[in-house]
Amino acid sequence: MAELSYGAALERLRGAQKTAKGVSLYSRYVNRPLGRRLAAAAYRLRLTPNQVTVVSAVFSFAGVAAVAALPPSWPLAVGVYAALVLGFALDSADGQLARLRGRSSPAGEWLDHTVDCAKITALHGAVLIAFYRHFQLPSDGWLLLPLVFQLAAVLVFFGGLLTDKLKPRPAAAPAAAPQAPPSRLRAVALLPVDYGVMCAVFLLLGDERAFRLGYAALCCAYVAFCAAFSVKWFRELSAVNADSAARS
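Remember, it's a predicted structure, so these values are computed and weren't measured experimentally. (Residues numbered from 1 in each chain as written. Predicted model: local features only at pLDDT ≥ 70, side-chain atom pairs only at ≥ 80, totals over all residues. Heavy atoms only, no water.)

Regarding the pattern of salt bridges
How we decide: Any Lys or Arg side-chain nitrogen found within 4 Å of a carboxyl oxygen on Asp or Glu counts as a salt bridge. Strands are runs of DSSP state E lasting at least two residues, helices are runs of H or I lasting at least four, and both sets are numbered from the N terminus onward. Each residue gets one of three labels from its accessible area relative to the maximum for its type: buried under 20%, exposed over 50%, partly exposed in between, using a 1.4 Å probe on protein chains only.
On inspection of all chains with the given rule, the structure shows seven salt bridges. Between E11 and R14 there is a salt bridge whose closest N-O contact spans 3.1 Å. Residue E11 and its partner R14 are located together in helix α1 (residues 6–14), separated by three residues, close to a single helical turn. Look at R14 and you get partly exposed, because its relative accessible area is 38%.

Listed below in structure tokens is the structure:
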């Protein structure tokens, strides 16, 4: 295939986006478009999707390390937010670049999901370290908060990923069949469990109390969504099992 210009690569990426169904407003209107531009730039730089995944990990873990190592301040808040957001956008860019180059692979998908799981786990571990080293906490009970948040976030990530792998793929719809537009209400409702929104909480790192309260509120949202999603996913997979038994 002839080498595309940046503009041509960007245009081709616009026409090869994944469905917006089940995607929050942030991912739809901020992270994916930013990732698309980074994917086009990576294409021009002749980077591979796996190399983009590694660059994403570097930015993400730089932000994580800064949370654990440095005392809270407004410059830290901006720096951590920038690193996490750029890492998240590059996480979108690697998949988009893979589709553009036609180089999707099981190994690349494994690397992508492994990095995602590692950064989610490490981020809340870094908050725990920051709480212990740098924060003046009202009580030691606050040290449990990052552990609860970490558990809920990992379960949401792993449960959703595993459910997607276990559910049978639906038959392709006829080309002429109209596709229902994705629900905007659902996209808004999913904002609390979007990683980009979690990144935004770190903008509060300049004020210890504001960060604690914002982080705690988001933790409560994650716990609620984790419970709701778990029930939903279990019912969906139970229905798949019942359908299979009825056909056999």
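Overview of the state of the cysteines
Basically, it comes down to this: Note on terminology: disulfide denotes any pair of cysteine sulfur atoms within 2.5 Å.
Scanning the model with the defined rule gives zero disulfides in all. For C117, which is in no disulfide, the shortest distance to another cysteine sulfur is to C226 and amounts to 13 Å.

Here's the deal with the packing of aromatic side chains
Stated formally: Any Phe, Tyr or Trp ring, taking Trp's six-membered ring, that has another such ring centre within 6.5 Å forms a pair; planes under 30 degrees apart are called stacked, those over 60 apart edge-to-face, and the others tilted. We call a charge positioned over a ring when the NZ of a Lys or the CZ of an Arg lies within 6 Å of the ring centre and within 35 degrees of the ring normal.
Tallied over the full model, the rule gives 12 aromatic pairs. Aromatic pair Y26 and F88: ring centres 6.3 Å apart, planes at 5°, arrangement stacked. Residue Y26 is located in helix α2 (residues 25–44), and its partner F88 is located in helix α4 (residues 74–101); the two are separated by 62 residues in the primary sequence. By relative accessible area, Y26 is classed as buried at 13%. With centroids separated by 6.1 Å and ring planes inclined at 80°, the aromatic side chains of F131 and Y215 adopt a geometry described as edge-to-face. Of this pair, F131 sits in helix α5 (residues 106–134) while Y215 sits in helix α9 (residues 208–247); the two residues are 84 residues apart in sequence, bridging distant segments of the chain. One cation-aromatic arrangement involves K119 over Y195; the distance from NZ or CZ to the ring centre is 4.6 Å. Its guanidinium or amino end placed over the ring of W142, R212 lies 4.7 Å from that ring's centre, counting from NZ or CZ.

A short note on the environment of R212
Put simply, the rule reads: We call two residues in contact whenever any of their non-hydrogen atoms come within 4.5 Å of each other.
By the secondary structure assignment, R212 is in helix α9. Along the sequence, R212 and L137 sit 75 residues apart, while their C-alpha atoms lie 9.0 Å from each other. Ignoring anything within four residues of it in the chain, the contact list for R212 reads F131, F135, L137, P138, W142 and L145.

By themselves, these figures tell us nothing about what the structure is for.
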